[in-house]
Amino acid sequence: MRVCYLLACIMMLSTSSSAQKVASKYSKDQVVIDQGQRLFELKCAACHNFRQQGIGPSLAGVTATRNFDWLIKFIQNPKELIENGDRQAVSLFNRYKTAMPANQDLGQPEMQALLSYINKFRIIKIEKGVQGPENSAFASPVKDPLPLKIQKSKLSLYLEDVATAPVSDTKVPFARINDMVVLKGKRDRLFIQEMRGRLYELRDTSFITVFDLAKERPEFVSAPGLGSGFGSYAFHPDFYDNGLFYTTHTEKPANNPSDFVYDPSIRVAIQWVVTEWKFDDPGTEIFSGSSRELLRINMPYEMHGMQQICFDPFAKRGSPDYGLLYIALGDGGSTEHGYPQLCNSDSAMRGAILRIDPSGRNSANKKYGIPVVNPFAKMATTKIPGELFARGFRNPNRISWAPDGKMLIADIGQTNIEEINVGVAGGNYGWPSREGTFAMNYRDKMNLVYALPTGSYKYLSPVLQYDHDEGNAISAGFVYTGSIAALKNKYVFADIVNGRVFVADYPTFRQGHQSEIGEFNLYFNGKPGTFVQITGSAKADLRLGVGIGNELYLYSKVDGRIWRVSDCRGE
């Protein structure tokens, strides 16, 4: 949660009569304002801007509607205001169902600088919307995109508390555990990474550090969150023979040239790096070996980064897909900040699934290969990068494969739709012109969606979607292949924020059709509950993983606790 999350919403509340009286508290000193801009870019820009609603609402005009001193109190400790019954803070919490964490590390000088910069946008400019390129006109926005509510299924998941990850910070999230991977082969081993830098092997209830990326790369940064840090990892399918595995991580832009740049007038907030590592001895417990960088890409904002890397688990040795690395790359917040050309344009790499050959050398930087089987690899007349496998995503946070070999891609939406797509080589899924099965006018108000004009779109549709009446960010799941009979052929997934756990019948997934979603009843160590209750946090920060024996796990970054699905029963 960012420092400024929900801040702009204050402007929608009643205007304070004292707001004009405290205008003098906003500095006009350019040095102070410049400091505030740097703080804004560090703390707020990932979620907010001054032109339209992004992840969070626009901040334009907020200093004209609320008292200076109240804004400081709200930013520094909103929870305290809520608990003390402050009317405006309580109203915001009730509206958005979550509160910012305390930010008491920001002192009075920093707060004045931050608010002085925001005050530059005190006057709200209302501009006529510009029509997007996909449609000459938009009808009235859809007020409730998916009015049919998700119902409780007749299934109950029983979860057992099996382990708790080591604490890596003194404040929430205490342990940013993210991606669970089973290394199969001579000896099956279970791993999970901590986004602040460590890769653990999970042995029963013990977390054994086998690799510390933060120590290997001094330029490594994990702040400010939003997916930054140690993003993902993947073991080569021949790991026990060649010792190769791959990681993604973030660094602050410095003197390291990027392989994929854009107009220098657009800020570079962070760089994502893909690295190949080689174990000296693949059978060893702790990493020792060498590494080489495969690629580096600039991103305009810290969010929606390089979410996952993986290999197709069904590709057999000798098949075209064997040993090819998939890279799920978000749009870096480009569209909502006014740079739609950085995603889903002919030359854009962002907002896409990439596929590369780590063993090849025919890329522009001569460090990896562009597979000849890629859909755009042989199109000499196009500007579309040959690395692209599929495009048109906002934040493709997870890739998984169903038992029949289909690729499933989860895409976290903006303010309306969360979705699951079937991955198709060369497919375009529409972002930023489309969110789920709805149109967007990305040049105007991105918090609105519209009915699709008949025959106007040629994008692929999701096979599963829900709107923000049900949750805020999809936590992708898996088609269950474990030993629990009641879960066979069920796609199990969740919402990151509210921790609701959902289910859909995988056999109903087909292109052009959206499958029905149900919600599990949850039992924790035999007692009914929810992840919000279990974590004690309004944001459950929930993820799913598959372990040895295809057992299903759910875990939260809030407290680092890992829960194993032990049973599923019908009512």
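See the structure printed just above.
Residues numbered from 1 in each chain as written. Predicted model: local features only at pLDDT ≥ 70, side-chain atom pairs only at ≥ 80, totals over all residues. Heavy atoms only, no water.

Observations regarding the side chain of Thr 415
Alright, step 1. The topology assignment puts Thr 415 in the loop between β15 (407–411) and β16 (417–423).
Alright, step 2. Polar side-chain contacts of Thr 415 include one of 3.3 Å to the side chain of Asn 416.
Alright, step 3. Among the polar contacts listed, one links the side chain of Thr 415 to the backbone oxygen of Asn 447, at a separation of 3.5 Å. (Helix = DSSP H or I, 4+ residues; strand = E, 2+ residues; numbered from the N terminus. Polar contact = N/O pair within 3.5 Å; in protein donor to acceptor, adjacent residues only side chain to side chain.)

Some words on the sheet that holds strand β19 (residues 464–467)
Alright, step 1. Pairing is antiparallel across the open sheet formed by 4 strands, whose spatial order is β14-β15-β16-β19. In the strand order of this sheet, the two ends are held by β14 (396–401) and β19, each with one partner. When the angles between neighbouring strand axes are averaged without regard to direction, this sheet yields 15°.
Alright, step 2. Pairing geometry for β14 and β15, over 5 bridges, is antiparallel. In the strand pairing of β15, Ile 399 is matched with Ile 409. (Pairing = 2+ DSSP bridges. Axes fitted to C-alpha atoms, helices over the stretch in contact; angles between N-to-C directions.)

Let's talk about the sheet that holds strand β2 (residues 177–183)
Alright, step 1. Pairing in this open sheet of 4 strands is antiparallel, and the strands run β2-β3-β4-β5 from one edge to the other. Whereas interior strands pair on both sides, the edge strands pair on one side only; in this sheet they are β2 and β5 (206–212). Pairs of neighbouring strands in the sheet enclose a mean axial angle of 30°, with direction left out of account.
Alright, step 2. Sheet topology places strand β3 (residues 189–194) next to strand β4 (residues 198–203); 3 bridges connect them, and they run antiparallel. Bridge pairing in β4 links Ile 192 to Tyr 200.

A few points about the packing of helix α1 (residues 30–43) against helix α5 (residues 108–118)
Alright, step 1. Two elements in contact, α1 and α5, have axes whose closest approach is 7 Å; the angle formed by their N-to-C orientations is 90°. The pairing of α1 with α5 is recorded here as roughly perpendicular in orientation. Between α1 and α5, the contacting residues are Val 32, Ile 33, Gln 35, Gly 36, Gln 37, Leu 39 and Phe 40 on the first element and Glu 110, Ala 113, Leu 114, Ser 116, Tyr 117 and Ile 118 on the second.
Alright, step 2. Its residues placed into classes, the contact of α1 with α5 shows 8 nonpolar, 4 polar and 1 charged. (Parallel < 35°, antiparallel > 145°, perpendicular 65-115°, else oblique. Contact = heavy atoms within 4.5 Å. Nonpolar A, V, L, I, M, F, W, Y, C, P; charged D, E, K, R; others polar.)

Remarks on the pattern of salt bridges
If the charged atoms of two oppositely charged side chains come close together, the side chains can form a pair.
Alright, step 1. Tallied over the full model, the rule gives 30 salt bridges.
Alright, step 2. Shared partners join several salt bridges into a network, and the residues in it are Arg 187, Arg 189, Glu 201, Arg 203 and Glu 285. (Salt bridge = Lys/Arg side-chain N within 4 Å of Asp/Glu carboxyl O.)

Things to note about the environment of Val 501
Alright, step 1. Mapped onto the elements, Val 501 comes out in strand β22 (residues 501–505).
Alright, step 2. Judged by relative accessible area, Val 501 falls into the buried class, the value being 0%.
Alright, step 3. With 17 residues separating them in the primary sequence, Val 501 and Gly 518 have C-alpha atoms 8.7 Å apart.
Alright, step 4. In contact with Val 501, not counting residues within four places along its chain, are Leu 157, Val 492, Phe 493, Ala 494, Gly 518, Glu 519, Phe 520, Leu 522, Phe 531, Leu 542 and Leu 554. (Buried < 20%, exposed > 50% of the residue type's maximum accessible area, 1.4 Å probe, protein only.)

Focus on unusual backbone geometry
Alright, step 1. Cis peptide bonds are those with omega within 30 degrees of zero, and the linkage from Val 172 to Pro 173 qualifies with 0°.
Alright, step 2. On the secondary structure map, Pro 173 appears in the loop between β1 (151–164) and β2.
Alright, step 3. Even without a glycine there, the phi angle at Asn 344 is positive, about 60°.
Alright, step 4. Turning to its location among the elements, Asn 344 is positioned in the loop between β11 (325–329) and β12 (352–356).
Alright, step 5. Residue Asn 525 is not a glycine yet carries a positive backbone phi of 50°.
Alright, step 6. If you trace the backbone, Asn 525 turns up in the loop between β23 (518–524) and β24 (527–528).

A look at α1
Alright, step 1. Here α1 is 14 residues long and its end C-alpha atoms lie 19 Å apart, about the 20 Å a rise of 1.5 Å per residue gives.
Alright, step 2. Of all the residues in α1, the buried ones are Ile 33, Gly 36, Leu 39, Phe 40 and Lys 43. All buried residues of α1 fall inside an arc of 115° around its axis, so they share one side. Residues of α1 that are exposed and point over 90 degrees away from its buried face: Val 31 and Arg 38.
Alright, step 3. Tucked inside the fold, the buried residues of α1 contact α5. (Expected span 1.5 Å × (residues − 1). Arc of directions from axis to C-beta.)

Section: the packing of aromatic side chains
Alright, step 1. Under the defined criterion, the tally for this structure stands at 33 aromatic pairs.
Alright, step 2. Note on Tyr 117 and Phe 121: the rings are 5.6 Å apart at their centroids and 75° apart in plane angle, and the pair reads as edge-to-face.
Alright, step 3. Accessibility expressed as a relative area gives 9% for Tyr 117, which makes it buried.
Alright, step 4. Take Phe 121: its relative accessible area is 25%, and that puts it in the partly exposed class.
Alright, step 5. Taking 5.3 Å as the distance between ring centres and 80° as the angle between the ring planes, the aromatic pair formed by Tyr 326 and Phe 389 counts as edge-to-face. Residue Tyr 326 is found in strand β11, and its partner Phe 389 is found in strand β13 (residues 388–391); the two are separated by 63 residues along the sequence.
Alright, step 6. Overall, Phe 389 belongs to the buried group, its relative accessible area being 6%.
Alright, step 7. Taken together through their ring pairs, the aromatic side chains of Phe 191, Phe 211, Phe 230, Tyr 233, Phe 235, Phe 239, Tyr 240, Phe 245, Trp 277, Phe 279 and Phe 287 make up a single cluster.
Alright, step 8. When the ring centre of Trp 431 is taken as reference, the NZ or CZ atom of Arg 394 above it lies at 5.9 Å. (Phe/Tyr/Trp six-rings, centres within 6.5 Å; stacked < 30°, edge-to-face > 60°. Lys NZ or Arg CZ within 6 Å of the ring centre and 35° of its normal.)

Focus on the nonpolar core
Alright, step 1. Core analysis: the largest hydrophobic core is formed by 29 residues, its most contacted members being Phe 40, Phe 50, Trp 70, Leu 115 and Ile 118.
Alright, step 2. Residue assignment for this core shows that the elements contributing at least two residues are α1, α2 (68–76), α3 (78–83), α4 (87–96) and α5.
Alright, step 3. Excluding residues that lie within four positions of it along the chain, Phe 40 makes contacts with Ala 45, His 48, Phe 50, Leu 59, Leu 114, Tyr 117 and Ile 118.
Alright, step 4. The next biggest cluster of nonpolar side chains, apart from the first, holds 26 residues, and it includes Val 274, Ile 309, Phe 311 and Leu 329. (Core = buried A, V, L, I, M, F, W, Y, C linked by side-chain atoms within 4.5 Å.)

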